[in-house]
Amino acid sequence: MNARRTILTWVVFFICTLICADRQSLHAKEKSRQPNIILVMTDDQGYWDTGISGNPLIETPTIDRMAAEGVTFTRFYANMVCAPTRAGLMTGRHYLRTGLYNTRFGGDTLGQHETTIAQVLKSAGYQTGLFGKWHLGRYAQYQPHRRGFDHFFGHYYGHIERYTNPDQVVVNGAPVETRGYVTDLFTDAAIDFITRYKEKPFFCYLAYNAPHSPFLLDTSHFGQPEGDKLIEKYLAKGLPLREARIYAMVERIDLNLNRLLQSVKKLGLDQETVVIFTSDNGGVSRGFKAGLKGSKASAYEGGTRVPFVVRWPGHFPAGKTTDAMVAQTDLFPTFCALAGVKVPEGLKLDGTSILSLMEQGAGKSPHEYLYHTWDRYTPNPYHRWSIHGERFKLVGHDPAGKGQRAEPAGQLYDLQADPGETKDLSRQYPEETEKLRSEFLSWFNEVTAGQVYQPTAIPVGDAQEPEVELQPSWAILKGEGLEYSFDGYDWDTIDGWQSNKGTATWQLNVLKAGRYAVELSYGYRSESSEPGQLQISVGEKQLLCELPMSTTQNVFFKTTAGILELNKGTQTLTVQATHAAGIQGLRLNSIWLKALNND
Ligand SMILES: [Ca+2]
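Residues numbered from 1 in each chain as written. Predicted model: local features only at pLDDT ≥ 70, side-chain atom pairs only at ≥ 80, totals over all residues. Heavy atoms only, no water.

(A) Structural context of the coordination of the calcium ion. Coordination of the calcium ion by the protein comes from D43 (OD), D44 (OD), C82 (SG), D280 (OD), D280 (OD) and N281 (OD1), over a distance range of 2.2 to 2.7 Å. Classification of the site at the calcium ion rests on its six donor atoms, whose angles at the metal span 51 to 159°, yielding the label irregular. With a relative accessible area of 4%, C82 lands in the buried category. (Donors = N, O, S within 2.8 Å, 3.2 Å for Na, K, Ca; no water. Tetrahedral: all angles 85-135°; square planar, octahedral: opposite > 155°, others 65-115°. Buried < 20%, exposed > 50% of the residue type's maximum accessible area, 1.4 Å probe, protein only.)

(B) Molecular detail of the side chain of H383. For H383, the location among the structural elements is in the loop between β14 (370–373) and β15 (384–388). Within the structure, H383 has its side chain in polar contact with the side chain of N380 (distance 3.1 Å). (Helix = DSSP H or I, 4+ residues; strand = E, 2+ residues; numbered from the N terminus. Polar contact = N/O pair within 3.5 Å; in protein donor to acceptor, adjacent residues only side chain to side chain.)

(C) Seen up close, the layout of surface pockets. Volume-wise, the largest pocket comes out at about 580 Å³. Taken together, 22 residues line the largest pocket, and the ones lying closest to its centre are R138, Y156, Y157, V170 and P175. Sorting the residues of the lining of the largest pocket by element identifies β7 (174–175) and β19 (467–470) as the ones contributing at least two each. Sorting elements by how many residues they give to the lining of the largest pocket places β19 first, with three residues. Each residue belonging to the lining of the largest pocket can be placed in one class, and the counts come to eleven nonpolar, six polar and five charged. Viewed by domain, the lining of the largest pocket spans two of them, domain 1 (43–362) and domain 3 (458–595), each represented by three or more residues. If you go around the second largest pocket, you meet 16 residues; those closest to its centre are G99, G111, Q112, V452 and T456. Its residues assigned to classes, the lining of the second largest pocket shows five nonpolar, nine polar and two charged. (1 Å grid on protein atoms, 1.4 Å probe; cavity = no way out; pocket = protein on both sides within 12 Å on 5 of 7 lines; lining within 4 Å. Points joined across faces, edges and corners; volume = space filled by probe spheres on them. Nonpolar A, V, L, I, M, F, W, Y, C, P; charged D, E, K, R; others polar. Domains from an automatic or database assignment.)

(D) Spotlight on the packing of aromatic side chains. This model, assessed by the stated rule, comprises 26 aromatic pairs. Taken together, a centroid distance of 4.9 Å and an interplanar angle of 85° make the contact between Y139 and W474 edge-to-face. Note that Y139 is positioned in the loop between β4 (127–133) and β5 (151–155) and W474 in the loop between β19 and β20 (476–478), a separation of 335 residues in sequence. Taken as a pair, Y139 and W474 share a single burial class, namely buried. Three or more aromatic residues joined by ring pairs make a cluster, and in this case those are Y369, Y371, W385, F440, W443 and F444. Sitting over the ring of Y300, K293 keeps its end group 4.3 Å from the ring centre. For the cation-ring pair, R305 lies above Y47, with the distance from its terminal atom to the ring centre recorded as 4.7 Å. (Phe/Tyr/Trp six-rings, centres within 6.5 Å; stacked < 30°, edge-to-face > 60°. Lys NZ or Arg CZ within 6 Å of the ring centre and 35° of its normal.)

(E) Here's a closer look at the nonpolar core. Formed by 74 residues in total, the largest nonpolar core has its most connected members in F73, F203, Y205 and F335. For this core, the element with the most residues is helix α9 (residues 331–339), which contributes six residues. When residues are assigned to domains, this core turns out to be shared by domain 1 (43–362) and domain 2 (373–448), each giving three or more. Beyond its immediate sequence surroundings of up to four residues, Y205 is in contact with L39, M41, R86, L89, M90, G129, L130, F131 and F149. (Core = buried A, V, L, I, M, F, W, Y, C linked by side-chain atoms within 4.5 Å. Contact = heavy atoms within 4.5 Å.)

(F) Main features of helix α7 (residues 241–266). For α7, with 26 residues, the first-to-last C-alpha span of 37 Å sits near the 38 Å given by 1.5 Å per residue. At the C-terminal side of α7, G268 shows a positive phi close to 75°. (Expected span 1.5 Å × (residues − 1).)

(G) Representation of the sheet that holds strand β10 (residues 305–306). Strands sit in the order β10-β3-β13 across an open sheet of three strands; the sheet is mixed. Two strands in the sheet have a free side with no partner beyond their single neighbour: β10 and β13 (326–327). Where strand β3 (residues 76–77) meets β13, two bridges bridge the pair, whose relative direction is parallel. Note on β13: the bridge partner recorded for Y77 is A327. (Pairing = 2+ DSSP bridges.)

(H) Focus on unusual backbone geometry. Cis geometry marks the peptide bond from A210 to P211, where omega comes out at 0°. You can see P211 is positioned in the loop between β8 (202–207) and α6 (226–236). Phi is positive for N172, close to 40°, though the residue is something other than glycine. With respect to the helices and strands, the residue N172 is situated in the loop between β6 (170–171) and β7. Even without being glycine, A297 reaches a positive phi, approximately 70°. Mapping A297 onto the fold places it in the loop between β9 (273–279) and α8 (301–304).

(I) Molecular detail of the confidence of the model for the chain. The predicted model of the chain has a mean per-residue pLDDT of 92, with 92% of residues at 70 or higher. Confidence drops under pLDDT 50 across residues 11–31; counting only partners more than four residues distant or on other chains, this segment forms zero contacts. (pLDDT = per-residue confidence, 0-100.)

(J) How the structure looks around empty space enclosed by the protein. Under the criterion given, the structure shown has two cavities of 30 Å³ or more. In this model, the second largest cavity occupies a volume close to 50 Å³. Considering the residues around the second largest cavity, the lining is formed by Q454, P455, T456, I458, W474, I476, T505, W506 and Q507. The element that contributes the greatest number of residues to the lining of the second largest cavity is strand β23 (residues 503–510), accounting for three residues. Partitioned by chemical class, the residues of the lining of the second largest cavity number five nonpolar, four polar and no charged.

(K) Focus on the sheet that holds strand β17 (residues 411–414). Strand order in this open sheet of four strands is β14-β15-β16-β17, and the pairing throughout is antiparallel. Looking at strand neighbours, the two that pair on one side only are β14 and β17, the edges of this open sheet. Geometrically, the sheet is characterised by an average inter-axis angle of 15° between neighbouring strands, direction not taken into account. Examined bridge by bridge, β14 and β15 share four bridges and lie antiparallel to one another. Residue pairing for β15: Y371 is matched across the bridge by I387. Helix α11 (residues 430–448) contacts β14, β15, β16 (392–397) and β17 of the sheet and is inclined by roughly 70° relative to β14. (Axes fitted to C-alpha atoms, helices over the stretch in contact; angles between N-to-C directions.)

(L) Region of the structure containing α11. With 19 residues, α11 should cover 27 Å at 1.5 Å per step; its first-to-last C-alpha distance of 27 Å lies within 8% of that length. Buried within α11 are the following residues: T433, L436, R437, F440, W443, F444, V447 and T448. Mapping the buried residues of α11 onto a view down its axis gives an arc of 130°, with all of them on the same face. Pointing more than 90 degrees away from the buried face of α11 are the exposed residues E431 and E434. Considering only its buried residues, α11 is in contact with β14, β15, β16 and β17. The first or second residue beyond α11 is G450, which carries a positive phi of 75°. (Arc of directions from axis to C-beta.)

(M) Structural context of the environment of G514. When you line up the elements, G514 lands in strand β24 (residues 514–524). With a relative accessible area of 10%, G514 lands in the buried category. Taking C-alpha positions, G514 is 63 Å from K423, a pair spaced 91 residues apart along the chain.

Pasting the structure below:
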């Protein structure tokens, strides 16, 4: 009996050992199966700017093929504009929780305490790379290579001025010169990255700045007629020039997407790589709109619905389409699930993993409601907002009503019967209208609670950025006359210096106390023969800066104003005219603070 029991004990032990070993090997197998993630996001490409949306003119064979090989989401929602979507994507949180509120003026900076998906994946053993547009902060500490990306080649801004030989691009914080067309360059860098790290799991975020304005392709002027050929093809199809350019830019992306997918295949990574294609906000092209209302920056469907296709051969079904309502904030927890890691503790996410929807190609939306709102200057629940569930959508779109509280606001649409938002049903369903408005307001109050929406204090004295440029668009302007003028995205000037009552102020976060040389660039042309003068002050410390006339207002001279001794901490730098009469004809272009020997 004892002998039999001993044998039985050994048999049980042996079986347990086998099971454990099997579990371990399964675990190791699962670990080795951590998939690569390639996220391709375009800029301002509408839901309707693809073949899969039924667009009869645009040619996107690669996106169409991805859809045939993967799952298409027809109700994938981004935000109305660029930076808010990127904030939601990086954090899994609605952008209004992250301190970001704008696409420029310093409001396009992701709060310093936010956790990005790149940080999470990097901690999970992924090699992380971003190629293209960041648009979540341009100063040291906010740059992508310090927010979880091992590699960054691209630009900080909402858009760049040159698409051929782009000049506003950096590699991990260092400005670089380039040759070629920007979409090709970002693709080359992404292909180089996945080739180099093919043995490791990687997260490759390829964020094209096309087809955002300016609508540029490479042209024969540079000996590269490919762009011309594409534009001519769409002109021949009868499109106006602007639309032909946008479609040509999208097709150029599609050609590059094909190159990328071919590389994944050649590297033998097809079965190990999840590839996503999407866009960051509503479209700007005006021809075919797939029956949707509104465009970029609108609260209507055309402003927030974007293309979304995901492909993972052998894991996700081919050729499936789902109309489950999902959002860009869902990608953070989905990527965590793909990588087999938990969402970091303490993070309050708005997104929910949609991995099962991807695996089934069908299923229910994890959201009861999705919410949208955006105002360039001050977040508010009145001018441009919407809330929708699977069926009803309440939307208020009145950007011109700034400063007025338009209540009761909103038109009610039945998205299932009327996806084009043509019949306002708010009178027919007053209770539904009231319920959705009330739900939207509670949500708005919750996400904005405790947030202060103003330009981020500019870090000064960071070891990696010893020379800091204070952008005019980050200044807060007060007093008579002063105003920004726009020429490009972030090449603004401050004009209208009529008197010493107007001030331009910048918030600084001085990381290291010490001496800083102050330089400024300006254009100045006046009737008077006297040089102009500006006063630059931080607390009690002041500099007077003489400004001899430049050729015209639009030719910027650079001059040294002097040296300021700055204390550590947050403080305000103020610029104002020295005389009551001001200095008409001045355009202040930029100010630089250069760390001197502060060791
Ligand atoms: Ca955009």
